[in-house]
Amino acid sequence: QKEVEQDPGPLSVPEGAIVSLNCTYSNSAFQYFMWYRQYSRKGPELLMYTYSSGNKEDGRFTAQVDKSSKYISLFIRDSQPSDSATYLCAIRSLGDDKIIFGKGTRLHILP
Amino acid sequence: NAGVTQTPKFRVLKTGQSMTLLCAQDMNHEYMYWYRQDPGMGLRLIHYSVGEGTTAKGEVPDGYNVSRLKKQNFLLGLESAAPSQTSVYFCASRSIDRNNSPLHFGNGTRLTVT
């Protein structure tokens, strides 16, 4: 079992819809949870991070962590065509220097 | 302030040839990483470094070597390239802090091995 699992999609939704992206992880030692966004032919860039269970909101984006279920989510409200990208979840353990990524989900927002 | 710069941007190699990918960062970051990204496989960690003169293996280190002689540079070497090493290679860096400092990525090197 991989340490982090993510559905690669692609996921297509109409503009304005709420998008839900998810990852599961296997090791309860993971403490830091991140979401990166990657546009075509570019490097990933950090979108959000959190280190506790619960929700963290930033504009149209909400990151949610459920440590009991080992499940992390990213919600995008009022989705825009400019949100079309690949979204990667990433995790790290406290005291570990390695950051492990999910496979990424390709998202298409249809105008 | 350029951030993380990778050279070259593109390269085509023949099987058995060698090459070095260069990563340079101007943010004074202690940590540097090399990932490869393949369709359906996501980002996989090759090697990483927590400081000048130190390196460590990641998930997929075989066939690669690295060196961190200067804090700002992290080199990835392929001694004898194989078609399985066709990929997009990303370098990233981050600073040390108590909380989670983000990875800053370069824009990748696209390598084809024929």
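Look up: the structure comes first, before these words.
First, a word on what this report is: a plain description of the structure on this page. All values derive from a computational prediction rather than experimental measurement.

What counts, and at which threshold
- Residues numbered from 1 in each chain as written.
- Chains lettered and ligands numbered in written order.
- Predicted model: local features only at pLDDT ≥ 70, side-chain atom pairs only at ≥ 80, totals over all residues.
- Heavy atoms only, no water.
- Helix = DSSP H or I, 4+ residues; strand = E, 2+ residues; numbered from the N terminus.
- Rg over C-alpha atoms; globule rule 2.2 N^0.38 Å.
- Buried < 20%, exposed > 50% of the residue type's maximum accessible area, 1.4 Å probe, protein only.
- Contact = heavy atoms within 4.5 Å.
- Lys, Arg positive; Asp, Glu negative; His and termini not counted.
- Charge placed at Lys NZ, Arg CZ, Asp CG, Glu CD.
- 1 Å grid on protein atoms, 1.4 Å probe; cavity = no way out; pocket = protein on both sides within 12 Å on 5 of 7 lines; lining within 4 Å.
- Points joined across faces, edges and corners; volume = space filled by probe spheres on them.
- Nonpolar A, V, L, I, M, F, W, Y, C, P; charged D, E, K, R; others polar.

### Notes on the overall build of chain B
Item 1. Along its length, chain B carries zero helices and eleven strands.
Item 2. Its C-alpha atoms give chain B a radius of gyration of 13 Å, within 12% of the compact-globule value 13 Å for 114 residues.
Item 3. Summarising its shape, the C-alpha atoms of chain B cover approximately 45 × 30 × 25 Å along the three principal directions.
Item 4. Counting across all 114 residues of chain B, residues that qualify as buried make up 48%.
Item 5. Contacts spanning at least 24 positions in sequence make up 54% of the contacts within chain B whose residues lie at least 6 apart.
Item 6. In chain B, 12 positive and 8 negative side-chain charges are present, and the distance between their average locations comes to 5 Å.

### Comments concerning empty space enclosed by the protein
Residue and element names in this part refer to chain A.
Item 1. If you walk through the whole model with that rule in mind, you get one cavity of 30 Å³ or more.
Item 2. Approximately 30 Å³ is the volume found for the largest cavity.
Item 3. F33, M34, W35, Y49, T50, A63, Q64, V65, I72 and S73 together form the lining of the largest cavity.
Item 4. Those elements giving two or more residues to the lining of the largest cavity turn out to be β4 (30–38), β5 (45–50), β7 (61–66) and β8 (71–76).
Item 5. Taken together, the residues of the lining of the largest cavity break down into seven nonpolar, three polar and no charged.

Function cannot be read off these values alone, since they describe shape.
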